[in-house]
Amino acid sequence: SITSFAAAMAGVVKNADESVQVKLLSSYPELASRAGPASEPSSFSGEEQARAGLNALTPEELDKFQQLNTAYREKIGFPFILAVRRASTPTILSAFGSRLRNTRAQELAQ
């Protein structure tokens, strides 16, 4: 079943070395990124981000996302990852703020 497959994949990732986990996590696009092809979301991720309103940010909101993306990547070492399907821009920004208080180990454990 899909649930069993997902659980098996999660187990593989959880039991992998940290360097492998970070490499996998680093392949995710940054939220609200407009920096170019290397950081652009896949079509699925792009659709999810659009549903959350990230394709219609004001210049100020986009600037805030870029600042938070940079701060998170510098502190944690990989992009901020959040399932945004049912999230709003304020919810995502709040999660950014909360999770920036975490350590790298705490973020890897999530």
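These figures come from a predicted structure and were not determined experimentally.

This brings us to the overall build of the protein. Looking only at helices and strands, one finds 6 helices and 0 strands in the protein. Taken from the N to the C terminus, the helices and strands of the protein come in the order α-α-α-α-α-α. Sorting the 110 residues of the protein into buried and exposed places 32% on the buried side. Within the protein, residue pairs in contact and separated by at least 24 positions form 65% of the contacts whose partners lie at least 6 positions apart. Accessible area of the protein: about 7,100 Å², with a carbon and sulfur share of 57%.

What follows concerns a nonpolar patch on the surface. Side chains of Val13, Leu24 and Tyr28 sit close together on the surface and give an oily, nonpolar patch of about 240 Å² of accessible area. In this fold, Val13 is placed in helix H1 (residues 2-15). A relative accessible area of 33% means that Val13 is categorised as partly exposed.

In terms of nonpolar packing, the biggest core is built from 20 residues, with Leu31, Leu54, Phe65, Tyr72, Ile92 and Phe96 touching the most fellow members. When residues of this core are traced back to their parent elements, those giving at least two are helix H4 (59-76) and helix H5 (89-99). Residue contributions to this core peak at 5 residues, all from H4.

This part takes up the confidence of the model for the protein. Residue-level pLDDT values for the protein average 84, and 88% of them are 70 or greater. Least confident of the elements in the protein is helix H3 (residues 43-51), whose mean pLDDT is 70; most confident is H4, at 94. Confidence drops under pLDDT 50 across residues 35-39; counting only partners more than four residues distant or on other chains, this segment forms 3 contacts.

A word on the packing of H4 against H5. It is at 11 Å that the axes of H4 and H5 come closest, and there the two elements cross at 25°. On the basis of the axis angle, H4 is roughly parallel to H5. For the crossing formed where H4 meets H5, the hand is left-handed. In this structure, H4 contributes Glu61, Lys64, Phe65, Leu68, Asn69 and Tyr72 to the contact, and H5 contributes Thr89, Ile92, Leu93, Phe96 and Arg99. Counted by class, the contact of H4 with H5 contains 6 nonpolar, 2 polar and 3 charged residues.

Analysis parameters
Each chain has its residues counted from 1, following the order in which its sequence is written. Owing to the predicted nature of the model, reporting of local features is limited to residues with pLDDT of at least 70; listing and counting of side-chain atom pairs is limited to 80 or more, with chain, interface and lining totals taken over all residues. Neither water nor hydrogens contribute to the side-chain values; these are computed over all heavy atoms in the structure. In DSSP terms, a helix is any run of H or I states spanning at least four residues, a strand is any run of E spanning at least two, and both are numbered starting from the N terminus. Between buried and exposed lies partly exposed: a residue is buried under 20% and exposed over 50% of the maximum accessible area for its type, with that area taken using a 1.4 Å probe on protein chains only. The contact criterion used is simple: two residues touch if any of their non-hydrogen atoms lie within 4.5 Å. Values of accessible area rely on a 1.4 Å probe in the Shrake-Rupley scheme; residue burial ignores everything except the protein chains shown. Patch definition: residues above 30% relative accessible area lacking any salt bridge, with like charges linked at up to 9 Å and the nonpolar side chains Val, Leu, Ile, Met, Phe, Trp and Tyr linked at up to 5 Å. By convention in these notes, a salt bridge is any Lys or Arg side-chain nitrogen within 4 Å of a carboxyl oxygen on Asp or Glu. Nine residue types can take part in a nonpolar core, namely buried Ala, Val, Leu, Ile, Met, Phe, Trp, Tyr and Cys, and a core is a set of them joined through side-chain atoms within 4.5 Å. Summary of the metric used: pLDDT quantifies the predictor's per-residue confidence within the range 0 to 100. Every angle, taken between N-to-C directions, lies between 0 and 180 degrees, and every axis is a line fitted to C-alpha atoms, over only the stretch in contact when it is a helix. Angular relationships are summarised with four words: roughly parallel below 35 degrees, roughly antiparallel beyond 145, roughly perpendicular across 65 to 115, and oblique for the angles in between. Crossings are classed by handedness, with left-handed meaning an anticlockwise turn of the near helix from the far one by less than a right angle and right-handed meaning a clockwise turn. Gly falls in the polar group here, along with every residue not listed as nonpolar (Ala, Val, Leu, Ile, Met, Phe, Trp, Tyr, Cys, Pro) or charged (Asp, Glu, Lys, Arg).

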